[in-house]
Amino acid sequence: MENAARTADHLARLSQRGDDLRVKLAELLPGSAPFVWEVGSGHGHFLTAFAQAHPEELFIGIDVILERIERANRKRNRARLDRLHFVRAEARLFLESLPVAATFKAIYVLFPDPWPKRRHHKHRLMQPDFLSLVAGRAGEGARLYFRTDHEPYFQDVEAAVRQHAQWKIVEESWPFEMRTVFQERAESYRSLVAVRV
Ligand SMILES: C[S@@+](CC[C@H](N)C(=O)[O-])C[C@H]1O[C@@H](n2cnc3c(N)ncnc32)[C@H](O)[C@@H]1O
């Protein structure tokens, strides 16, 4: 099976796991305190360092690959960060499975898979309907942080955010910086910050 087809098949199977995820998220998010969400957290470098610098915040990182989540959780446990959680989940399923009162303080999407071929663009994470779903869970003033080394993906996301009624692009620096695995490999990259209006 071709790589792209295998990934799509994998994502479809993950979407069967909604019930387990709902139970897990109800345990992790019992109240309504806004939390920082990282989508595609990989081995957890970024969010672990972020949580070390801000132990007062609540963080959840998700990834679809179990081995990455396990590695990230080992980092989290070694650092004893009890307000940081890594959960194996697909992003849209995660959004559907959140407890009713849960809201985002900030959302980080760092170097998501760019799906460069046009016929694969439908697999991209950052699409107008995804921006709407995230906005539905983001309190007013919440920030969306996006970074990629794939210029066409950046331009498409920038255009989608500009056209979106609930997000406004702002010129701000990021409150926390830590080079991710994919950032280390990138020759250059572009970043965007949007505020939930
Ligand atoms: C290119 S890697 C970037 C990892 C990390 N953010 C970094 O910058 O090094 C993209 C990550 O997103 C994960 N991913 C892809 N699609 C996803 C989805 N729909 N939901 C959650 N994670 C996803 C992949 O498994 C992978 O770990």
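What this report covers is the structure whose coordinates are included nearby. The model shown is predicted, which means the values in this text are computed figures rather than measured ones. (Residues numbered from 1 in each chain as written. Predicted model: local features only at pLDDT ≥ 70, side-chain atom pairs only at ≥ 80, totals over all residues.)

Quick look at the overall build of the protein chain
For the protein chain, the count of helices and strands is 8 helices and 7 strands. Taken over the C-alpha atoms alone, the protein chain extends approximately 45 × 40 × 35 Å along its principal axes. The buried share among the 197 residues of the protein chain stands at 31%. (Helix = DSSP H or I, 4+ residues; strand = E, 2+ residues; numbered from the N terminus. Buried ≥ 20, exposed ≤ 12 C-beta atoms within 10 Å, placed from the backbone.)

Comments concerning the site of the ligand
As a matter of local geometry, the ligand sits amid 20 residues, with Gly 40, Gly 42, Phe 111, Thr 180 and Phe 182 nearest to it. Those elements that provide at least two residues to the shell around the ligand are β2 (59–63) and α8 (181–185). In terms of residue count, α8 provides more of the shell around the ligand than any other element does, 3 residues in total. (Near = placed C-beta within 6 Å.)

Some points on unusual backbone geometry
Despite not being glycine, Phe 111 shows a phi value in the positive range, around 50°. On the secondary structure map, Phe 111 appears in the loop between β4 (104–110) and α6 (128–135). A positive phi angle is found at Trp 115, which is not glycine, with a value near 40°. With respect to the helices and strands, Trp 115 occurs in the loop between β4 and α6. Assessed through the 17 C-beta atoms surrounding it within 10 Å, Trp 115 is described here as partly exposed.

A word on the nonpolar core
In terms of nonpolar packing, the biggest core is built from 38 residues, with Phe 35, Trp 37, Phe 59, Phe 104, Ile 107 and Val 109 touching the most fellow members. If you tally residues by element for this core, the top one is β4, at 6 residues. Excluding residues that lie within four positions of it along the chain, Phe 35 makes contacts with Leu 29, Leu 58, Phe 59, Ile 60, Phe 104 and Lys 105. (Core = buried A, V, L, I, M, F, W, Y, C linked by C-beta atoms within 7 Å. Contact = placed C-beta atoms within 7 Å.)

Considerations on the pairing of strand β1 (residues 35–39)
Burial within β1 is extensive, with 5 of its 5 residues counted as buried. Side chains Phe 35, Trp 37 and Val 39 project from β1 onto one buried face, and the interleaved Val 36 and Glu 38 project onto a second face that is buried too. One ladder, built from 5 bridges, connects β1 with β4; its direction is parallel. Its bridge partner being in β4, Val 39 is matched across the sheet by Val 109. Examined bridge by bridge, β1 and β2 share 4 bridges and lie parallel to one another. Bridge pairing links Glu 38 to Gly 61 in β2. (Pairing = 2+ DSSP bridges.)

Side note on the environment of His 121
Turning to its location among the elements, His 121 is positioned in the loop between β4 and α6. Taking the C-alpha atoms as reference points, His 121 and Tyr 153, 32 residues apart in sequence, are found 9.2 Å from one another.

Things to note about the sheet that holds strand β3 (residues 84–88)
On the basis of which strands lie adjacent, the open sheet formed by 7 strands has the order β3-β2-β1-β4-β5-β7-β6 and mixed pairing. Only two strands of the sheet have a single partner each, and these edge strands are β3 and β6 (167–169). Shown here is a sheet whose adjacent strand axes are inclined to one another by a mean of 20°, direction ignored. Sheet strands in contact with helix α3 (residues 45–53) are β1, β2, β3 and β4, and its direction is about 175° off that of β2. Relative to the sheet, helix α7 (residues 151–163) contacts β5 (138–148), β6 and β7 (190–196), its axis offset from that of β7 by approximately 15°. (Axes fitted to C-alpha atoms, helices over the stretch in contact; angles between N-to-C directions.)

What about the pairing of β5?
Relative to β5, β4 runs parallel, the two being bridged by 6 bridges. Directly across from Val 109, in β5, lies its bridge partner Phe 146. In this fold, the crossover linking β4 to β5 by way of α6 has right-handed handedness. Pairing geometry for β5 and β7, over 6 bridges, is antiparallel. Paired with Tyr 145 across the strands is Val 193, a residue of β7. (Right-handed = clockwise from strand over helix to strand, strands pointing away.)

As for the environment of Met 178
Within the element layout of this structure, Met 178 appears in the loop between β6 and α8. Met 178 gets classed as partly exposed once you count the C-beta atoms within 10 Å, which come to 15. Considered as a pair, Met 178 and Phe 50 are 128 residues apart in the sequence and their alpha carbons are 7.9 Å apart. Excluding residues that lie within four positions of it along the chain, Met 178 makes contacts with His 45, Phe 46, Ala 49 and Phe 50.

Any functional reading would require information that these geometric values do not contain.
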